[in-house]
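Spelled out from the first residue to the last, the chains are:
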Amino acid sequence: MAQEEVTFELATSESLPDVQGLTDLINRVYRVSEDGLWKDATFQRTCAEEVSDLIRKGEIVLARAGTSRVVLGCVQSRLLDEKPTTGSFGMLVVDPDQRNRGIGKRLIEEAEKLARSRGADTMQLELLHPKDWKQKNKARLAEWYPILGYLKAEELDFEELYPRLAPGLTSPCWFTVFSK
């Protein structure tokens, strides 16, 4: 069976009435991609309230299957408050059944385009990963981002940045910032 064309659009409350479905996709993908990082295996990356807020702010880009309009993935794109000419992307997810189709790369390109349209001349992302061991999904991303032009800019201690969340980690982690 042929795969449907993929389209990209800024999410709105009208275009995405099923916020919980998107929230579930994000959490399902993060549960796999951050396997072994959190003590609580049911750790939730986000909630419907946060996703709704990001949609209201115009920060969520969706990847959809052409005619069926099924959501295949998403990314958050925003300008940093402390550096308004720097865009940031995060919450990048692609349905596991849709991987290796270039959807993640296209979502990043759409996030960059959105940030540039809002005044960004630099982009960055943050990657959470263990200090003392390699988590396979995070290691793969750390190798992939430079291929897309993102270079390691700084390595921050997650515990110092997020002292409330850090106790939930299985081991100390870095929050590595990549920029382009």
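The model shown is predicted, which means the values in this text are computed figures rather than measured ones.

**Q** I'd love a proper account of unusual backbone geometry, names of residues and values included.
**A** In this model, M91 sits at a positive phi of 50°, which is unusual for a non-glycine residue. If you trace the backbone, M91 turns up in strand β4 (residues 86-94). Phi at N100 is positive, roughly 65°, even though this residue is not glycine. Here N100 lies in the loop between β4 and α3 (103-117).

**Q** Tell me what's going on with helix α4 (residues 136-147), and back it up with residues and numbers.
**A** For an α-helix the count is 3.6 residues per turn, leaving residues at separations of three or four pointing the same way. For α4, spanning 12 residues, the distance from its first C-alpha to its last is 17 Å, which sits close to the expected 16 Å at 1.5 Å a residue. Within the span of α4, buried status applies to N137, K138, L141 and Y145. Take α4 and look down its axis: the buried residues cluster within an arc of 90°, on one side only. More than 90 degrees from the buried face of α4, the exposed residues found are K136, E143 and I147. Buried residues along α4 sit in contact with α1 (19-33), β4, α3, β5 (122-130) and β7 (173-179). By the N-cap criterion, in which a side-chain oxygen at the helix start approaches the backbone nitrogen of a residue two or three places on, α4 is capped by Q135, the distance to N137 being 2.9 Å. Once α4 finishes, G149 follows within two positions and takes phi at roughly 100°, a positive value.

**Q** Hey, could you go over the nonpolar core for me, with residue numbers and the actual values?
**A** Here is a general trend for soluble globular proteins: nonpolar side chains tend to be buried in one another's company. Ranked by internal contacts, the top residues of the largest apolar core, which has 25 residues, are F89, L107, Y145 and Y150. Put simply, the parts of the chain that give this core at least two residues each are β1 (6-10), β2 (60-65), β3 (71-79), β4, α3, β5 and α4. The element contributing the most residues to this core is α3, with six residues. With near-sequence residues (within four places) excluded, F89 lies in contact with V75, Q76, I108, A111, M123, Q124, L125, Y145 and Y150.

**Q** Could you give me a rundown of the environment of D24, with the residues and numbers involved?
**A** With respect to the helices and strands, D24 occurs in helix α1. Taking the C-alpha atoms as reference points, D24 and A48, 24 residues apart in sequence, are found 8.5 Å from one another.

**Q** Explain the layout of surface pockets to me, and be specific about the residues and the numbers.
**A** The calculated volume of the second largest pocket comes to roughly 220 Å³. Along the wall of the second largest pocket there are 15 residues; nearest its centre are H129, K134, K138, A139 and A142. At four residues, α4 tops the list of elements feeding residues into the lining of the second largest pocket. Class assignment for the residues of the lining of the second largest pocket results in six nonpolar, three polar and six charged.

Analysis parameters
Residues numbered from 1 in each chain as written. Predicted model: local features only at pLDDT ≥ 70, side-chain atom pairs only at ≥ 80, totals over all residues. Heavy atoms only, no water. Helix = DSSP H or I, 4+ residues; strand = E, 2+ residues; numbered from the N terminus. Expected span 1.5 Å × (residues − 1). Buried < 20%, exposed > 50% of the residue type's maximum accessible area, 1.4 Å probe, protein only. Arc of directions from axis to C-beta. Contact = heavy atoms within 4.5 Å. Polar contact = N/O pair within 3.5 Å; in protein donor to acceptor, adjacent residues only side chain to side chain. Core = buried A, V, L, I, M, F, W, Y, C linked by side-chain atoms within 4.5 Å. 1 Å grid on protein atoms, 1.4 Å probe; cavity = no way out; pocket = protein on both sides within 12 Å on 5 of 7 lines; lining within 4 Å. Points joined across faces, edges and corners; volume = space filled by probe spheres on them. Nonpolar A, V, L, I, M, F, W, Y, C, P; charged D, E, K, R; others polar.

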